[in-house]
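Overview (structure and organization)
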Amino acid sequence: MSMDYTLIRSRRRTLALAVTREAQVVVRAPLRCPQRQIDAFVESRRAWLEAALARQKERLAAHPPLTEAETEDLRRRAKAYIPGRVSVWAQRMGLQPSAVKITSARTRFGSCSGKNSLCFSLYLMQYPPEAIDAVVVHELCHMRHRNHSPAFYAEVARWLPDYREREKLLKQ
């Protein structure tokens, strides 16, 4: 039995396989790659694919996609809460971010630009306050250390000694 997938051809050199957030299989292939080679590639990775699809379907069942109204509610709550937490921590740490923005990023909770503008995902509002503060402190520390070096993590630990426990809350 063949597996259903979406095929995307481009000027790449190799075949690649991915399972999307929506539990769909996507195959990326070079422009001239024969269909039989693509099918053989997918078949050779069937066990991995079935396991990945099962995990993603389980994740979707546990965390169904939000409605537009739920997303807007998270955005409103994030705009009301997160800038205040940034202000509290920035003052404690003696820092001054140039801006604080709320985004709809799904793959990262926060970021710090080279100009010290901080962005936070509205999806942070689905986590406890301790976890949100961990992301806020993490991004503020990037204003002093632009990397994830030992010095960066020492700075984070200086402000939040329980940072690792707080970070675990974000993985649940």
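Above this text sits the structure in question.
Residues numbered from 1 in each chain as written. Predicted model: local features only at pLDDT ≥ 70, side-chain atom pairs only at ≥ 80, totals over all residues. Heavy atoms only, no water.

Now for the pattern of salt bridges. Within the structure shown, the criterion is met by ten salt bridges. The salt bridge involving Asp 73 is made with Arg 77; its shortest N-O contact spans 3.8 Å. Of this pair, Asp 73 and Arg 77 both sit in helix α3 (residues 68–93), four residues apart, roughly one helical turn. By relative accessible area, which is 29% here, Asp 73 ends up partly exposed. Taking relative accessible area as the criterion, Arg 77 reaches 32% and is therefore assigned partly exposed. Residues joined by salt bridges that share partners form a network here, namely Glu 43, Arg 46 and Glu 50. (Salt bridge = Lys/Arg side-chain N within 4 Å of Asp/Glu carboxyl O. Helix = DSSP H or I, 4+ residues; strand = E, 2+ residues; numbered from the N terminus. Buried < 20%, exposed > 50% of the residue type's maximum accessible area, 1.4 Å probe, protein only.)

Tracing the backbone through its elements, the reader meets Gln 96 in the loop between α3 and β4 (99–103). A sequence separation of 21 residues divides Gln 96 from Ser 117, and the C-alpha atoms of the two residues are 9.5 Å apart.

What follows concerns the side chain of Asn 116. Counting through the fold element by element, Asn 116 comes out in the loop between β5 (110–112) and β6 (117–121). Side chain to side chain, Asn 116 and Arg 146 meet in a polar contact 2.5 Å long. Residues contacting Asn 116, with those up to four places away along its chain left out, are Pro 97, Ser 98, Ala 99, Met 143 and Arg 146. (Polar contact = N/O pair within 3.5 Å; in protein donor to acceptor, adjacent residues only side chain to side chain. Contact = heavy atoms within 4.5 Å.)

Looking now at the nonpolar core. Ile 82, Phe 120 and Leu 140 are the most contacted members of the largest nonpolar core, which has 30 residues in total. Secondary-structure elements contributing two or more residues to this core are α3, β6, α4 (129–141) and α5 (150–159). At eight residues, the largest contribution of residues to this core is made by α4. For Ile 82, the contacting residues outside a window of four places in its chain are Ile 102, Phe 120, Ser 121, Leu 124, Met 125 and Ile 132. Leu 17, Val 25, Cys 33 and Ile 38 belong to the second largest nonpolar core, which has twelve residues in total. (Core = buried A, V, L, I, M, F, W, Y, C linked by side-chain atoms within 4.5 Å.)

Think of an α-helix as turning once every 3.6 residues; residues three or four places apart then point the same way. With 13 residues, α4 should cover 18 Å at 1.5 Å per step; its first-to-last C-alpha distance of 18 Å lies within 8% of that length. Here α4 lies mainly inside the structure; eleven of its 13 residues are buried. Within the span of α4, buried status applies to Ala 131, Ile 132, Asp 133, Ala 134, Val 135, Val 136, Val 137, His 138, Glu 139, Leu 140 and Cys 141. Of the surrounding elements, those touching the buried residues of α4 are α3, β5, β6, α5 and α6 (163–169). (Expected span 1.5 Å × (residues − 1).)

With that settled, consider the side chain of Glu 167. Here Glu 167 lies in helix α6. In this structure Glu 167 comes out as buried when scored by relative accessible area, which is 19%. At 3.0 Å, the side chain of Glu 167 forms a polar contact with the side chain of Arg 164.

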